[in-house]
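As a plain string of letters, each chain reads:
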Amino acid sequence: MKKLVALTFAAFCTAAFLSYSYKTPAPQPLTPECYVSCFTTEIMDQFKAEASTASFAMMHDNPIPYVAADPLGKPVTFKAADGTNAMGYEIRSKKKSNKWLFVIQEWWGLNDYIKKESETYYNDLEDVNVIALDLYDGKIAATADSAMKLIQSVKTDRLESIIKGAIAYAGTDAKIYTVGWCFGGMWSLQSTLLAGKQAAGCVMFYGKPENNVEKLKTLNCDVIGFFGNKDRSPSPEVVNKFEADMQAAGKKLIANKYDAGHGFANPSNPVFNKEAAADAHAKAVAFLKERM
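Since this is a predicted model, take the numbers as computed values, not measurements.

**Considerations on the sheet that holds strand E5 (residues 175-181)**
Line of reasoning, step 1. Ordered by their spatial adjacency, eight strands build an open sheet running E1-E2-E4-E3-E5-E6-E7-E8, and the pairing between neighbours is mixed. Pairing within the sheet leaves two strands with one partner each, and these edge strands are strand E1 (74-79) and strand E8 (253-258). For this sheet the average axis-to-axis angle between neighbouring strands, irrespective of direction, equals 20°.
Line of reasoning, step 2. In the sheet, strand E2 (residues 85-91) pairs with strand E4 (residues 129-133) via four bridges, with the strands oriented antiparallel.

Written out as structure tokens, the structure reads:
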């Protein structure tokens, strides 16, 4: 009799659990609920899931074609951590310097617009080596559809291998600074984590933040972020959670929030906000100079 009662109770509990599971829908990407419950995988897997949604693609109108004139830098090849070749766009300091700024592309790839941004930071900073990393191994997207395909095809191991190779290329005495936008904002923070004790300053523009507090505890430098209150990736709720996570990790985050949408700092984006972009850039440069 006792066995029968126990079996009946177990069956009831199983049925109740299954009923709850089927009735409770999984949180959707780009929602505040997903920041907590969906993010049980690595950051790139999270981003791939989000970047596969139509709502994410709609935030990225095709960029206005831009061709850099009289480039300051030159293409460079270095060894990735996996032993293969990796590429970038490098502008060397006129004076010998152990300061290195890694510029991380948007989801479009290392296009001429990112090279232009690299030159801008080079001119605004002093005695710094700038290298824009080519995380797509030479591929560039001109439409949201093609950018989605590139995001889906790229492997996290390859991205980390390129970044680790760049750190080794800079040298063991290099002070590593990073800046990036969207996809690059996410990887600006991830590059800082990979740089370990060499990390000296991180700038991220509306990139997906790391939400693993244990990982954030390993940060070796301060982070400054620039976010739009009209953005959905990351949304204001996600940014607030990031602030709380950084506080829990005992790390400094300077969060700047603007009445702007996703991609507000990119002149080729229809939601470009000139005032917010100028303010953000000035603060980013000041942040980096204070730590150089």
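**Digging into the packing of aromatic side chains**
Line of reasoning, step 1. Considering all chains together, one arrives at 13 aromatic pairs under this definition.
Line of reasoning, step 2. With a centroid separation of 5.3 Å and 85° between ring planes, the pair formed by Phe56 and Trp107 is classed as edge-to-face. Of this pair, Phe56 sits in helix H4 (residues 54-57) while Trp107 sits in the loop between strand E3 (99-104) and helix H5 (112-124), placing them 51 residues apart in sequence. Trp107 matches Phe56 in its accessibility class, with the two residues each being buried.
Line of reasoning, step 3. Linked through ring pairs, Tyr121, Trp181, Phe205, Tyr206, Phe226, Tyr258 and Phe264 together constitute an aromatic cluster.

**What about the environment of Gln46?**
Line of reasoning, step 1. Here Gln46 is to be found in helix H3 (residues 43-51).
Line of reasoning, step 2. Each C-alpha atom, one on Gln46 and one on Lys208, is 9.0 Å from the other, the two residues being 162 residues apart in sequence.

Criteria and cut-off values
Residues numbered from 1 in each chain as written. Predicted model: local features only at pLDDT ≥ 70, side-chain atom pairs only at ≥ 80, totals over all residues. Heavy atoms only, no water. Pairing = 2+ DSSP bridges. Helix = DSSP H or I, 4+ residues; strand = E, 2+ residues; numbered from the N terminus. Axes fitted to C-alpha atoms, helices over the stretch in contact; angles between N-to-C directions. Phe/Tyr/Trp six-rings, centres within 6.5 Å; stacked < 30°, edge-to-face > 60°. Buried < 20%, exposed > 50% of the residue type's maximum accessible area, 1.4 Å probe, protein only.

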